[in-house]
Amino acid sequence: MIKVSLISLGCAKNLVDSEIMVGHLHQAGMKVIPEAELADVVIVNTCSFIDSSKEESIGHILEVHQNKGMKKRRKEQKLIVAGCMAQRFSKDLSNSLHDEVDAFIGLDQVTKVAPIIEAIYAKERGKNGPKEAPVNFIEGKSTYIPDYDTPRFRLTPAHFAYVKIAEGCNHPCTFCIIPQIRGRHRSRTVDSVVQEARQLVREGVKELNLISQDTTFFGMDTWEQRPNPRTPVDSSRGTALTTLLRELNAIEGDFWIRLLYTHPAHWSDELIKTIAECPKVARYIDIPLQHISDNMLARMQRETSGDYIRDLIKRIRAGIPGIAVRTTFIVGFPGETDADVAELCEFIKATKFERLGVFRYSQEEGTRGAKMPDQIAPKVKEARWHKLMALQQEIAGQVSKSYVGQTLKVLVEEPGVARGEADAPDIDGRVYVPRELPVGEFVDVKITGYQDYDLLALPKGEQPAEFKVAKQAQ
Ligand code: F3S
């Protein structure tokens, strides 16, 4: 039996691709094991978002090749590079990783991974000569989208799942390479997503995290592709996501639906109303805004303006009481001035985002931003990043403090650690709870204190073990 080990890097969308690959490997009778050094085949599912993700991906490939545990990689072991970096750079990498890699597969080969492994083995059988160049299985642009019955083995804890409702992206953001990697936006049908969700809830999943490059564009691509542009506007334009949320909300059971990766340009009052009326949709939205100054939004081609964003956030807060808003900003994009940064700081102070991340702009080969004049010096980017992070740390403290005394419904992640409705997995803060609470279940807890981004739901004066360890180390 062929033993395969898979290393999954990058975002939740890549993780779903890894899950699909593992599902197909199981279906083909192959054994999936965690120890790379013991596997016949190692797949590294890579990320290529920014330079540091590419470096991390290459680092993992080299580490597998050198096979740390056994000093030298077993000669017969095969190494397959999958995912975003393979999809985008396989031709260049074929030369630079000639000795390390046996094959490259892209985003559309995730369901064909087992026959590809068989093919590599068949090709190598009885061969003794020098190693040949890696085989490149990638064929053109990515168009694949999974369905509800696509074999898949979940790699997340049993109580939460990622549900990929669409793939690809049609936005022109000048800093981002992802549309060139993942292709044009294509949505699944409402029915396909609902069938998958029903199955997950039957399996005991307590949180469905809806993901894609832009979840608010869900269903809009089918409208764009209508055969005759003069056909009256299809009712699915802009309403597919609201239909989906209402149908998911109607599934019986106690679970959260979490909407991740929404683009501000496609929010509507109907979506705000739908979230407000669907109690299973978490009072949490992830809406990357990237900037607030019109100068920056235009250069980034964000299809929004400062006024539009300010008004949208007001409408969201007014329409969905208790909503926690998560956003991300980029500092140091070409042409950013001190005045742009000052405007952003004012906006952050005024809006008090419950959750906020800041990225330093990374000049990515192949993007329009990379070729723009007025690139910002690294130390200026760094200073701007620190400024925003310090500002948000203060706000996060105030936000955390506002929870003290409240009773929150939380989902227990592991002994002593839970997440609230305002905390997405792997991104946001944690709620420290008594260790005896059941893992994978919802419980109501009273918030007794906080530490920066994290909340405490412990008897007064008690601290989580890791806080004590951190204190001692100081
Ligand atoms: Fe995700 Fe990295 Fe690809 S962020 S979409 S795995 S480039």
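Up top is the structure.
Throughout this description, residue numbers start from 1 for each chain and increase along the sequence as written. This being a predicted model, a pLDDT of at least 70 is required before a residue's local features are given, and a value of 80 or more before pairs of side-chain atoms are given or counted; all residues contribute to the totals for chains, interfaces and linings. Here the side-chain values reflect all heavy atoms present in the structure, with hydrogen atoms and water set aside.

Trainee: So what's going on with the overall build of the protein? Which residues, and what values?
Mentor: When helices and strands are tallied, the protein shows 14 helices and 20 strands. Over its C-alpha trace the protein gives a radius of gyration of 23 Å, about what one expects of a compact globule, namely 23 Å for 474 residues. C-alpha atoms of the protein, sized along the principal axes, occupy 70 × 60 × 50 Å. When burial is assessed residue by residue, the protein has 54% of its 474 residues classed as buried. Contacts were defined at the residue level, with two residues in contact if any of their heavy atoms lie within 4.5 Å. In the protein, the share of contacts with a sequence separation of at least 24, taken over all contacts with a separation of at least 6, comes to 76%. Side-chain charges in the protein split into 63 positive and 65 negative, and the spacing between the mean points of these groups amounts to 1 Å. The way it works is that DSSP assigns letters per residue, a run of H or I at least four long becomes a helix, a run of E at least two long becomes a strand, and they are numbered from the N terminus. Within these notes, the globule rule equals 2.2 Å times the number of residues to the 0.38 power, and the radius of gyration is based on C-alpha atoms. Think of it in three bands: residues with accessible area under 20% of the maximum for their type are buried, residues over 50% are exposed, and the middle band is partly exposed, with areas taken using a 1.4 Å probe on protein chains only. In this charge count, Lys and Arg are treated as positive and Asp and Glu as negative; neither His nor the chain ends contribute. Note on charges: their place is set at NZ of Lys, CZ of Arg, CG of Asp or CD of Glu.

Trainee: How would you explain the site of the ligand if you had to name every residue and give the values?
Mentor: Put simply, a residue is near a molecule or strand once any heavy atom of it comes within 4 Å of that molecule or strand. Looking at the ligand, the residues that line it are Gly 10, Cys 11, Asn 14, Cys 47, Ser 48, Phe 49, Cys 84, Ile 178 and Arg 182. Charged means Asp, Glu, Lys or Arg here, nonpolar means Ala, Val, Leu, Ile, Met, Phe, Trp, Tyr, Cys or Pro, and polar covers whatever is left, Gly included. Considered class by class, the residues forming the shell around the ligand number five nonpolar, three polar and one charged.

Trainee: I'd like a rundown of the environment of Arg 317, residues and numbers included.
Mentor: Within the secondary structure, Arg 317 is located in helix 11 (residues 306-319). In this structure Arg 317 comes out as partly exposed when scored by relative accessible area, which is 27%. As a C-alpha pair, Arg 317 and Asp 428 span 111 residues in sequence and 19 Å in three-dimensional space. Beyond its immediate chain neighbours, meaning those up to four positions away, Arg 317 contacts Ile 323, Val 325, Thr 351, Lys 352, Phe 353 and Glu 354. Within 3.5 Å is the distance limit for a polar contact, defined as a pair of N or O atoms, with the added protein rule that one can donate a hydrogen and the other accept it, and that residues adjacent in sequence qualify only through two side-chain atoms. Among the polar contacts made by the side chain of Arg 317, one reaches the main-chain carbonyl oxygen of Lys 352 at a distance of 3.4 Å.

Trainee: Go over the sheet that holds strand 15 (residues 407-414), please, and point to the residues and values.
Mentor: DSSP-based pairing: two strands are paired if at least 2 bridges between them are found. A sheet is described by the order of its strands in space; here six strands give the open sequence 18-15-16-17-20-19, paired in mixed fashion. The sheet terminates laterally at strand 18 (442-446) and strand 19 (449-451), the two strands that pair on one side only.

Trainee: If you had to explain the sheet that holds strand 11 (residues 256-259) to someone new, which residues and values would you point to?
Mentor: With respect to topology, six strands assemble into an open sheet ordered 7-10-11-12-13-14, the strand pairing being parallel. At either end of the open sheet lies a strand with only one pairing partner, and these are strand 7 (160-164) and strand 14 (355-360). In this sheet, neighbouring strand axes are inclined to one another by 20° on average, regardless of whether the strands run parallel or antiparallel. Pairing geometry for strand 10 (residues 207-211) and strand 11, over four bridges, is parallel. Bridged to Leu 208 within strand 11 is Ile 257. Lines fitted to the C-alpha atoms define the axes, with helices restricted to the stretch that makes contact. Angles between their N-to-C directions range from 0 to 180 degrees. Helix 13 (residues 378-403) contacts strand 13 (324-331) and strand 14 of the sheet and is inclined by roughly 170° relative to strand 14.

Trainee: Please give an account of the nonpolar core that cites residues and values.
Mentor: Within the largest apolar cluster, 99 residues are counted, with the highest numbers of intra-cluster contacts made by Ile 43 and Leu 244. Considering each element in turn, this core owes the most residues, seven residues, to helix 1 (residues 12-27). Those residues in contact with Ile 43, other than ones at most four positions away along the chain, are Val 4, Ser 5, Leu 6, Ile 7, Met 21, Leu 25, Ile 80, Ala 82 and Val 113. In terms of nonpolar packing, the next biggest core, distinct from the first, is built from 19 residues, Ala 39, Val 64, Val 81 and Ile 138 among them. Nonpolar core, defined: a set of buried Ala, Val, Leu, Ile, Met, Phe, Trp, Tyr and Cys residues in which side-chain atoms within 4.5 Å join the residues together.

Trainee: I'd like a rundown of the packing of aromatic side chains, residues and numbers included.
Mentor: Aromatic pairs are defined between Phe, Tyr and Trp rings, using the six-membered ring for Trp, whenever the two ring centres lie within 6.5 Å; interplanar angles under 30 degrees are classed as stacked, those over 60 as edge-to-face, and all others as tilted. Tallying each qualifying case throughout the model produces seven aromatic pairs. Ring geometry for Phe 160 and Tyr 162: centres 5.8 Å apart, planes at 85°, overall edge-to-face. Residue Phe 160 shares its accessibility class with Tyr 162, and that shared class is buried. Each member of the aromatic cluster is reached from another via a ring pair, and the members are Phe 175, Phe 333 and Tyr 361. Cation placement over rings: the criterion is NZ of Lys or CZ of Arg within 6 Å of the ring centroid and within 35° of the ring normal. Sitting over the face of the ring of Trp 385, Arg 360 holds its NZ or CZ atom 3.8 Å from the ring centroid.

Trainee: I'd like a rundown of helix 13, residues and numbers included.
Mentor: A rise of 1.5 Å per residue sets the reference length of helix 13, with its 26 residues, at 38 Å; its end C-alpha atoms lie 37 Å apart and thus fit the reference within 8%. Those residues of helix 13 that fall on the buried side of the exposure criterion are Lys 381, Arg 384, Trp 385, Leu 388, Leu 391, Gln 392, Ile 395, Ala 396, Gly 397, Val 399, Ser 400 and Tyr 403. Of the residues trailing helix 13, Gly 405 is marked for its positive phi of about 95°. Each helix should span, by expectation, one fewer than its residue count multiplied by 1.5 Å.

Trainee: How would you explain helix 12 (residues 338-351) if you had to name every residue and give the values?
Mentor: Here helix 12 contains 14 residues, and its C-alpha end-to-end distance of 20 Å stays within 8% of the 20 Å for a straight helix at 1.5 Å per residue. For helix 12, the full list of buried residues reads Asp 340, Val 341, Leu 344, Cys 345, Phe 347, Ile 348 and Thr 351. In a view along the axis of helix 12, the buried residues occupy a sector of 160°, so they form one face of it. Exposed side chains of helix 12 directed beyond 90 degrees from the buried face belong to Asp 338, Ala 339 and Ala 350. Of the surrounding secondary structure, the elements contacted by the buried residues of helix 12 are helix 10 (294-299), helix 11, strand 13, strand 14 and helix 13. Downstream of helix 12 by a residue or two, Lys 352 has a phi angle that is positive, lying close to 50°. By construction, the arc corresponds to the directions joining the helix axis to the C-beta atoms.

Trainee: For unusual backbone geometry, give the residues involved together with the corresponding values.
Mentor: The general pattern is negative phi for most residues beyond glycine and trans for most peptide bonds. The backbone phi angle of Tyr 261 is positive, close to 55°, even though this residue is not glycine. Examined against the element boundaries, Tyr 261 turns out to sit in the loop between strand 11 and helix 9 (269-277). Located in the positive-phi region is Gln 301, a residue other than glycine, with phi close to 55°. Mapped onto the secondary structure, Gln 301 falls in the loop between helix 10 and helix 11. Of the residues examined, Gln 301 reaches a relative accessible area of 33% and is grouped as partly exposed.

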